[in-house]
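Fold and contact review
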Amino acid sequence: MNQIGREIPRLEVRAKVTGRADYTHNFRLPGMLYGKVFRSTVPHGRILEIDTEAARALAGVHRVITGEDIRKLIPEPYYGPAFHDQPILALDKVRHVGEPVAVVLASDPHIAEQAVQLISADYEELPAVYDEVAAMAPDILVHDVLRPAGTFVDLKHLKGRGGTNVALDYHLRRGDADAALARADHVIEHIFKTQQCLHLALEPFVSLAEPGDQRLTIYTANQSPSFVRIEIARLFGWPENRVRVKVPYLGGGFGGKLYIKLEALVAALAMIVRRPVKIALTMEEQFYMITKHATTFRIKSGVGKDGRLVARTCEVYWNGGAYADIGPRVAQKSGFTAAGPYDIDNVSVDSYEIYTNRTPAGALRGFGVPQLVWAYESHTDLIAHQLGIDPVEFRRKNLLRDGRPHASGTVLNDAAIPEVFDAVVARMGWDKPFDRGSGTLRRGRGVAIGLKAVISPTTSVAIVNISADGSTTLYTGTVDMGQGSDTAYALIVGEVLGLNAEEVRVVHSDTDVTPYDMGTLGSRSLYHMGNAMRLAAEDARAKLRALATEAGLPEGTNYPPSEIFKKRYGMQAGNVIGTASFVPSYTPPDPQTGQSDNVTPFWMVGGSGVEVEVDTETGRFRIVRLINAVDCGKPLNPGVARTQVSGAAIMQLGFTLSEVMVLDGGQVTNASLADYKIPGIGDIPSMEAELVAGEQHSGPFGAKGIGESGTFGVSPAIANAIHDAVGVRIMELPITAEAVLRALRAKDGHPLDDE
Amino acid sequence: MIPFEMVEPRSLDEAIAMLDPQEPTIRAIAGGTALMLMMKAGVFQPTRLICLHKIEPEHGHIGVTGKGDLRIGAMATLTEVEKDSNVAARLPVLTRALLTLSNPRVRNVACVGGALAHGDPHMDLPPVLVALGARITIKGPAQTRELPLEELYAGYYETVLEKNELISAVTLPALDGRKAAYMKVTSRSADDWPALGVAVSFTLKDGAIRDPIVVVSAATEKVTRLANAEKMLQGAATDDTALTRAGNAAAEEASILTDAHGSAAYKRELLRVYLRRAVRRALDESAAPQ
């Protein structure tokens, strides 16, 4: 049976809904200690003293550990994927409220929690900086010196740089944007902002480390077990094979559980006390772990009389918080798409990753692209308004098409930009009459479209094992956090080997067992691991044929695998292991101009269409319709693909309407689900998800990743629809009813008081 | 959460005797929907909780008294009130308000007494019940007293209850032709605490409003009756001009606070609009067959 395109439920769904699936939270080991974290209460300060005496004296407390204890075990206890800037526990300084300063270990987590309250710390408070633009000035320095990790060659030039908060400055130059702007008939400039928000997986961070003889096992909720293994081995100065990282299913990740989070901490603690140590964060503590960048984006476009975009300059400031995490990659790998899915000859992009005294920022479902699309698609709509051109027509005139060079210099290919846009516009019925409402209820509609390039170059390795009875198991380092990767790989292997996906056993994410994978991130898995898996299955098939030949079976005979094994080994014995690695070809961009003829192996396209109804008396608005269309290549499992699109859109809806980390003096004042509001079932509008089928020729059976594409257009499409309804423009996320009413009153000349 | 002691008295009197007027870390718990959040957030760390689940079942009873009042025992869950046929027949506005209160999981365990005694101005039940003229019965170690519900609230999370007093019941007079409505506005997600609650009740006589009660919640530090707005509505017609005037009076009179749900300036605008809408809804819903 053909496996590709089968609409099947996820393989693990029964285990999940019956409560049988494994999660790290359920793991307990004999002799295990629970760790509870004592956190900084100041945003920036020099540590003068940490008083742990009372905590140590509490009955039942095993040990209290500070950064200095860790420094004795690991002389340079700093970790991170892009920079080695984050101490396992704070050393010398604290750089954001909530930074881990000490850990209490106890057999009873309640005692550990109680003891944490008995710790006190004295700090020499330093001035703090929270705003990404303000932090461009070197008045307040979050770090004295930059410490790039060396993992990424293009960050090496930053090594040892001091006197700055800029962790990465990325530049792209195509054509001559300044000259083209000077010649343009219209020059239009705006500044858009986004807020700091966070992943808030319903499974908070949790890790458990078990020390062994000359080795360490880590059970953890993490999206990148291979990286954890490499980084823990580096910290201890060990070979990789002494570290084992096991990841069961995840209760959500969204980019939050990438690289190292709690793993270095539990590993160090377990090695110090020589007992298993588990740390499970509360929902509230997630607000101090990793977030989504707040941004400021200054965008300027030059347009000709004919409505063609001739130039665009983009300055993007990414608020990276106190530690770099993967922020510099976000600033670059998303930064280069900041000019949008448009065919513009003259483009310049300057993208800055900036340290501030906030919770660190990393990747969140879209790797920075949703922040960019918010700005460039709001801007695009405003240009159309100013020029008096229909926003759909204006976009059509300027959209980038296959065969044309993107601003990075790479010629676009297998990117269904016009097709996705047409799908949204067709569903909207853009050419049909539209009910604009009356009285105090006004209706409007808006569209938006975004483009993302998958991060490159990254590697995946896969194994496919055919047992002697013909049953087949695949081994993958991809972490299935709800996106359906296990099922997708089973479909791919099934397609190659002539099996039903349901018959294929999936073993995932145990670094002693599963081969290397760069990480489950940025919609890369289906393409990279999917390709590796297809090749591994083909390798297994070839080896099985070779086995048949060895067994003396004539070429082309149709023996089932079990017969081949029996013939070769005389009984049910042996197995065939197919393996393959996949890394796409890639040309590194020129460091000065960002130009490359091969900057990414595939492009993602997502478009949204929105109808809103605005109450002009209150600013409250209702999303009447939310359409999301994505370029999904060839859908392997259309049902799961559609839920990925709608899930992404709902998540972005939260970042558009309600989610914001509110800061007061560096303190997050709404660090709980009661006060940081993610969408509930009552907030979900009428939604439509469309898979615009195409073919990613380099992808496994034509497929490409789609985990993020549903986020791209949501925010600007809503702002554009509100503008269409009531003529006011919101420049900053989230779009609240209050913001809309304030804009309406300001337009009428009766602005509301500030308070 | 740090361990604590939990006791399960078999009677209300026993429960009250276990409370300590001087000891804020000893508290009664019924549904626990508010207290548990405070405990998880570390805002409240009890030494002992007095669980009320095993006191006499009569304290959860809902029924009609000889005088024709509706009496709701403090241990009745919000779901029990929502599904009670006497409540639905006599006070449909209460049934409707309960359907929008938090979610079924919370309503299944939260109890009326706690929903009134908690003193959080964002809760839905207090404004509706104040507009309906509710009186509460309060039991202490020595005496039982009665109070109009509106007099319970002293400030933000503050009531006039002593630490060893518990609400045992709430009594609601028959509607007697009064019209009533409750409207709330959430400003973040649909299931959020409201930014503003407005409850109204009044009699309509010859096209004019009589004896109005106007209550504002959520935007103010406590559930508050608005005397000037009531004055504006007394004898007023139900046209836009009159209702807008009352809305303006309400917006000027109420001391509205800025918080995470919105600025005071914004919530004043909401009150202006929603007072009018609440009166309209009371008229509409009375017209509709129940």
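I will try to describe carefully the structure that is included in this document.

Rules used in this analysis
Residues numbered from 1 in each chain as written. Chains lettered and ligands numbered in written order. Predicted model: local features only at pLDDT ≥ 70, side-chain atom pairs only at ≥ 80, totals over all residues. Heavy atoms only, no water. Helix = DSSP H or I, 4+ residues; strand = E, 2+ residues; numbered from the N terminus. Rg over C-alpha atoms; globule rule 2.2 N^0.38 Å. Buried < 20%, exposed > 50% of the residue type's maximum accessible area, 1.4 Å probe, protein only. Contact = heavy atoms within 4.5 Å. Buried area = accessible area lost by both parts, 1.4 Å probe. Salt bridge = Lys/Arg side-chain N within 4 Å of Asp/Glu carboxyl O. Pairing = 2+ DSSP bridges. Polar contact = N/O pair within 3.5 Å; in protein donor to acceptor, adjacent residues only side chain to side chain. Axes fitted to C-alpha atoms, helices over the stretch in contact; angles between N-to-C directions. Expected span 1.5 Å × (residues − 1).

Some points on the overall build of chain B
For chain B, the helix and strand inventory stands at 11 helices and 14 strands. In terms of overall dimensions, chain B is globule-like: its C-alpha atoms have a radius of gyration of 19 Å, near the 19 Å expected for 290 residues. On the principal axes, the C-alpha backbone points of chain B span a range of 60 × 45 × 35 Å. For chain B, the residues scored as buried account for 55% of the 290 residues in total.

A word on the interface of chain B and chain A
Across the contact, 25 residues belong to chain B and 24 residues belong to chain A. Summed over both partners, the interface of chain B with chain A buries about 2100 Å², with 48% contributed by carbon and sulfur atoms. Area buried by chain B at its contact with chain A is led by I2, R188 and Y266 of chain B, which between them contribute 26% of it. Between chain B and chain A we count 6 salt bridges in total.

A few points about the sheet that holds strand β21 (residues 441–453) of chain A
All names here are of chain A. Strand order in the open sheet made by the 5 strands is β20-β21-β26-β27-β30, with mixed pairing throughout. Each of the sheet's edge strands pairs with one partner strand only, and the pair in question is β20 (437–438) and β30 (687–692). By the bridge criterion, 2 bridges tie β20 to β21 in an arrangement that is antiparallel. What sits directly across from S438, in β21, is L441.

A closer look at the pairing of strand β11 (residues 206–212) of chain A
Residues and elements named next belong to chain A. Burial analysis of β11 places 5 of its 7 residues in the buried class, which makes it a mostly covered element. Here β11 runs beside strand β12 (residues 215–220); their pairing, made up of 6 bridges, is antiparallel. Each residue of the ladder has a partner; that of P211, found in β12, is L216. Hairpin connection, β11 to β12: the antiparallel pair is bridged by 2 residues, and Q214 has positive phi, about 65 degrees.

Some details on the side chain of N165 of chain A
Residue and element names in this part refer to chain A. Structurally, N165 can be placed in the loop between β8 (120–125) and β9 (166–174). Taking the relative accessible area as the measure of exposure, N165 reaches 0% and is therefore buried. Within the structure, the side chain of N165 is placed 2.7 Å from the backbone oxygen of I140, a separation counted as a polar contact. The contacts of N165, once residues within four sequence positions are left out, are A135, A137, I140, L141, V142, H143, E353, I354 and Y355.

Looking at the sheet that holds strand β17 (residues 309–321) of chain A
All names here are of chain A. With mixed pairing, 5 strands are arranged side by side in an open sheet as β9-β18-β17-β16-β10. Lying at the two open borders of the sheet, with one neighbouring strand each, are β9 and β10 (186–194). For this sheet, the mean angle separating the axes of adjacent strands, direction not counted, is 5 degrees. Relative to β17, strand β16 (residues 294–303) runs antiparallel, the two sharing 10 bridges. Bridging from a neighbouring strand, G302 pairs with A311 of β17. Against the sheet, helix α9 (residues 369–387) engages β10, β16 and β17, with an angle of about 145 degrees to β10.

Description of helix α8 (residues 327–334) of chain A
Residues and elements named next belong to chain A. In terms of burial, α8 is largely enclosed, as 8 of its 8 residues are buried. Within the sequence span of α8, burial applies to G327, P328, R329, V330, A331, Q332, K333 and S334. Buried-residue contacts for α8 involve β9, β17, β18 (346–355), β19 (361–362) and α9.

A word on the environment of A180 of chain B
Residue and element names in this part refer to chain B. If you trace the backbone, A180 turns up in strand β11 (residues 179–185). Distance from A180 to L12, taken between C-alpha atoms, is 33 Å for residues 168 residues apart in sequence. Non-local contacts of A180, meaning those with residues more than four positions away in its chain, are made with V93, R96, L132, V200, S201 and A282.

What to know about the side chain of T186 of chain B
Within the secondary structure layout, T186 of chain B lies in the loop between β11 and β12 (196–205). There is a polar contact of 3.4 Å between the side chain of T186 of chain B and the backbone oxygen of S189 of chain B. Discounting chain neighbours no more than four positions away, the residues touching T186 of chain B are R620 of chain A together with D192, W193, P194 and A195 of chain B.

Some remarks on helix α12 (residues 485–497) of chain A
Residues and elements named next belong to chain A. Taking 1.5 Å of rise per residue, 13 residues should cover 18 Å, and α12 covers 18 Å from first to last C-alpha, within 8% of that figure. Every buried residue of α12 is accounted for by S485, D486, T487, A488, Y489, A490, L491, I492, V493, G494, V496 and L497. Packed against the buried residues of α12 are β22 (460–467), β23 (472–476), β24 (505–508) and α13 (525–550). Two residues or fewer past α12, G498 is found with a positive phi of approximately 75 degrees.

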